[in-house]
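Understanding the architecture of this molecule
Listed below, chain by chain, are the residues.
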Amino acid sequence: MIPLSLAKAQLNIVDNSDDALIKQYIAAAQEHIEATLQLKIVDEEVLADGQISPNAALKSAALIFVSYMYENRGDGTKQNPDLPEAFYNLIQRYRLMGV
C-alpha cells in the first residue's frame, strides 16, 4: 500500500534498524483500513466488487497509522490507544454502509 521509503520519510528515519517493525506497521495499517472499509485494497487498474485502489487519502491514512503505532510503541500501558481522528476522517468516505 505504501512503500517502506515513504513510511521512513514520514517518520524521519534514515537508518535500517527498525525496517522490520515499520513493515509490520504498514501491513497492519492496510489490514485495519480494509477491515474498517470492508474493502480489499488492490493496486490494479480494473477493480472487482469489494475492491478499492490505494488513493492519496488511503495512503495518507496508512501513514498516520504507521506514525501513530511507531510513536506509541512500548510496553502497552498507554492510557489512550485510539488512532487520531484524522485517520478516520480520511477513510470514512470510502466505507461501505449497509442499508
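Placed above this text is the structure.
In this report, the structure presented in the accompanying data block is examined. Bear in mind that the values here come from a model prediction, so they are computed numbers and not experimental data.

Take the overall build of the protein next. Scanning the protein from N- to C-terminus turns up 4 helices and 2 strands. Going from N to C terminus, the protein has its helices and strands arranged as α-α-β-β-α-α. Based on the C-alpha atoms only, the size of the protein along its principal axes is roughly 40 × 30 × 15 Å. Buried residues in the protein amount to 34% of all 99 residues. Of the contacts formed within the protein by residues at least 6 apart in sequence, a portion of 59% connects residues at least 24 apart. By element, 49% of the accessible surface of the protein is carried by carbon and sulfur atoms, the whole surface being about 6,400 Å². Taking the average location of the 8 positive side-chain charges in the protein and that of its 13 negative ones, the two points are 2 Å from each other.

Take the pattern of salt bridges next. The tally for this structure, following the rule as stated, stands at 2 salt bridges. Among the ionic pairs, Lys8 bridges to Asp19, the shortest N-O distance being 3.0 Å. Remark: Asp19 occurs in helix α2 (residues 19-37) and Lys8 occurs in helix α1 (residues 4-11); sequence separation between them is 11 residues. Each member of the pair, Lys8 as well as Asp19, carries the same accessibility label: buried.

This part covers the nonpolar core. Side chains of a nonpolar character, in soluble globular proteins, are inclined to be buried together. Counting 25 residues, the largest nonpolar core has Ile22, Ile33 and Val66 as its most contacted members. Elements represented by at least two residues in this core include exactly α1, α2, α3 (56-71) and α4 (85-91). The element contributing the most residues to this core is α3, with 8 residues. Look past the residues within four positions of Ile22 in its chain and what remains in contact with it is Leu4, Ala7, Lys8, Leu11, Ile13, Val66 and Tyr70.

Attention now moves to unusual backbone geometry. For Asn12, which is not a glycine, the phi torsion comes out positive at approximately 60°. Of note, the phi angle at Gln38 is positive, near 60°, even though the residue is not glycine. Looking at where Gln38 falls in the secondary structure, it is placed in the loop between α2 and β1 (40-41). Judged by relative accessible area, which is 54%, Gln38 ranks as exposed.

This part is about α2. Between its first and last C-alpha, α2 extends 27 Å over 19 residues, near the 27 Å set by a 1.5 Å rise per residue. Considered for burial, the residues of α2 that qualify are Asp19, Ile22, Tyr25, Ile26, Ala29, Gln30, Ile33, Glu34, Thr36 and Leu37. Looking at the buried residues of α2, the elements they touch are α1, β1, α3 and α4. Just downstream of α2 lies Gln38, where phi reads positive at about 60°.

Reading guide: rules and limits
- Along each chain, numbering runs from 1 in the same order as the chain's sequence is written.
- Per-residue local features of the predicted model are confined to residues with pLDDT of at least 70, and side-chain atom pairs are confined, for both listing and counting, to 80 or more; whole-chain, interface and lining totals are unaffected and use all residues.
- Calculated side-chain values reflect all of the structure's heavy atoms, with hydrogen atoms and water omitted.
- Strands here mean DSSP runs of E at least two residues long; helices mean DSSP runs of H or I at least four residues long; both are numbered from the N terminus.
- Think of it in three bands: residues with accessible area under 20% of the maximum for their type are buried, residues over 50% are exposed, and the middle band is partly exposed, with areas taken using a 1.4 Å probe on protein chains only.
- Here, two residues are considered to be in contact whenever any of their heavy atoms come within 4.5 Å of each other.
- Only the protein chains shown count as cover for residues, and the accessible areas themselves come from Shrake-Rupley with a 1.4 Å probe.
- His residues and chain termini do not enter the charge count, which takes Lys and Arg as positive and Asp and Glu as negative.
- Taken as the charge centre is NZ of Lys, CZ of Arg, CG of Asp or CD of Glu, depending on the residue.
- Salt bridge, as applied in this entry: a Lys or Arg side-chain nitrogen positioned within 4 Å of an Asp or Glu carboxyl oxygen.
- To qualify as a nonpolar core, a set must consist of buried Ala, Val, Leu, Ile, Met, Phe, Trp, Tyr and Cys residues joined through side-chain atoms within 4.5 Å.
- Helices are assigned an expected span. That span is 1.5 Å times one less than the residue count.

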